[in-house]
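These are the residues of each chain, in order.
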Amino acid sequence: MPSPRLFIDIHILQSLPPSNANRDENGTPKHAQYGAVQRARVSSQAWKRATRTTMTTDEQHTPEKASTRTKRIAALVTARLAERSGIDRPQAARLANSLLANLEITAGRRPTETAYLLYFGKAQVDGIVALVADQAVELVALADEELAKAVKNLPVKEQLSSGHPVDVALFGRMVARIPQLNVDAAVQVAHSLSTHAVQVEFDFFTATDDEKPRSEGTGAEMMDTTEFNSALYYRYATVGVQQLIDNLDGDTDAALTALERFVNAFTRSVPTGHQTSFAHHTRPYLASLVVRDCPVNMVTAFERPVRSTDGIAAESAKRLAAEFAETQTMWGYDPIATHSSYPLCHIEDLGAELGQPLQFARAVEATIAAVRDKLPTEGRA
């Protein structure tokens, strides 16, 4: 039985008060033109980073499943080699550098670092260490050239090519010089855009010296400005279920667990730029989880910017529901299942397209169950 094409689309409306959650090189909140007006924007990279950070701190995360993104894989291998084999750190570093030379992506100026950030799991580091741990004492006794020959054909790349942690399976990995290490991402995340036109504002602030005598005057010791905006964002992400299963070596149950973790983390996360200044700890106004056989981004609901005296969020929710209906009636993109969380007062406006509102944990549970029902039984525990 062929595997079905299955995707989970996540549609979110979320209001951020005055904030600068994602800024450009000049400190200005990111923005974009859409529908001939300027919109507030939070980049997909920023929200993916916030999602990954949330996932690594959730209660289901365990050290053996941890991942990291770093140039310093040699330092991690060195530490584990010294701990496991008992050789001293300088010798462990020498052995680690010889092993990782097989990757052929070390930087010219810094041979102990990779040329660019590498995304991998801590368990994969243990797999590399296991290749030489039992013979580490004998290996470090060799001269440099002999050591390089001894470890040249060890399957270091293979250790990084399977057994991926959930984060890598979800977000993928690109290593241009070694296609063998590439992992196609199961997740796609759109840049979040405000559903309405937004202008940047400026916060002028001063700071005073608490110990300055009044006799020296009462003026401020510094003055500055911070740019900010406030917006109701449409956020969208989609997860290719079969790609995720493939990235997790065909383990369907592991993929379903990963899906649940990602949906929760993406929905609840917020980028932390200028968080101490603005405390933009908000939760979504609306979240809709849709199981489909092809992904559909609904940002077109807001190509005409929302204008409302009754609240941007309520009008945006109605627009989104209308776009759901049009996607079905005009294009025939019928959802397999739709489960949503939104304020009860909008049942009449949204219920027909988005379903009856559920507590979010129940919406996630029902969505994962809908995916499970559509998957072949092979590969399940």
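Preceding this section is the structure that the text describes.
Residues numbered from 1 in each chain as written. Predicted model: local features only at pLDDT ≥ 70, side-chain atom pairs only at ≥ 80, totals over all residues. Heavy atoms only, no water.

Summed over the entire model, instances satisfying the criterion amount to four aromatic pairs. An angle of 40° between the planes, with centres 5.9 Å apart, marks the rings of Phe228 and Phe278 as tilted. On the criterion of sequence distance, the pair formed by Phe228 in strand 9 (residues 222-240) and Phe278 in helix 11 (residues 275-278) is long-range, its members being 50 residues apart. Like Phe228, the residue Phe278 is buried in the burial classification. Between Tyr234 and Phe302, the aromatic rings sit 5.5 Å apart at their centres with planes inclined by 50°, giving tilted as the arrangement. Placement of the pair is Tyr234 in strand 9 and Phe302 in the loop between strand 10 (286-292) and helix 12 (312-331), with a sequence separation of 68 residues. Ring pairs connect the aromatic residues Phe171, Phe262 and Phe266, which therefore count as one cluster. The ring of Phe266 is capped by Arg235, whose NZ or CZ atom sits 4.4 Å from the centre of that ring. (Phe/Tyr/Trp six-rings, centres within 6.5 Å; stacked < 30°, edge-to-face > 60°. Helix = DSSP H or I, 4+ residues; strand = E, 2+ residues; numbered from the N terminus. Buried < 20%, exposed > 50% of the residue type's maximum accessible area, 1.4 Å probe, protein only. Lys NZ or Arg CZ within 6 Å of the ring centre and 35° of its normal.)

Of all 13 residues that make up strand 1 (residues 7-19), 10 are buried, and the element is covered over most of its length. Where strand 1 meets strand 9, 11 bridges bridge the pair, whose relative direction is antiparallel. Residue pairing across strands places His11 opposite Tyr236, the latter belonging to strand 9. Examined bridge by bridge, strand 1 and strand 10 share seven bridges and lie antiparallel to one another. Paired with His11 across the bridge in strand 10 is Ser288. (Pairing = 2+ DSSP bridges.)

Those residues of helix 4 (residues 122-130) lying buried are Gln124, Val125, Gly127, Ile128 and Val129. Its buried side turned inward, helix 4 meets helix 2 (73-85), helix 3 (89-100), strand 5 (118-121) and helix 7 (156-159). (Contact = heavy atoms within 4.5 Å.)

What follows concerns empty space enclosed by the protein. Applying the stated criterion to the full structure yields two cavities of 30 Å³ or more. In this model, the second largest cavity occupies a volume close to 30 Å³. Considering the residues around the second largest cavity, the lining is formed by Ser19, Asn20, Ala21, Asn22, Pro29, Lys30, Arg41, Val42, Asn229 and Tyr233. The set of elements that each furnish at least two residues to the lining of the second largest cavity consists of strand 3 (37-42) and strand 9. (1 Å grid on protein atoms, 1.4 Å probe; cavity = no way out; pocket = protein on both sides within 12 Å on 5 of 7 lines; lining within 4 Å. Points joined across faces, edges and corners; volume = space filled by probe spheres on them.)

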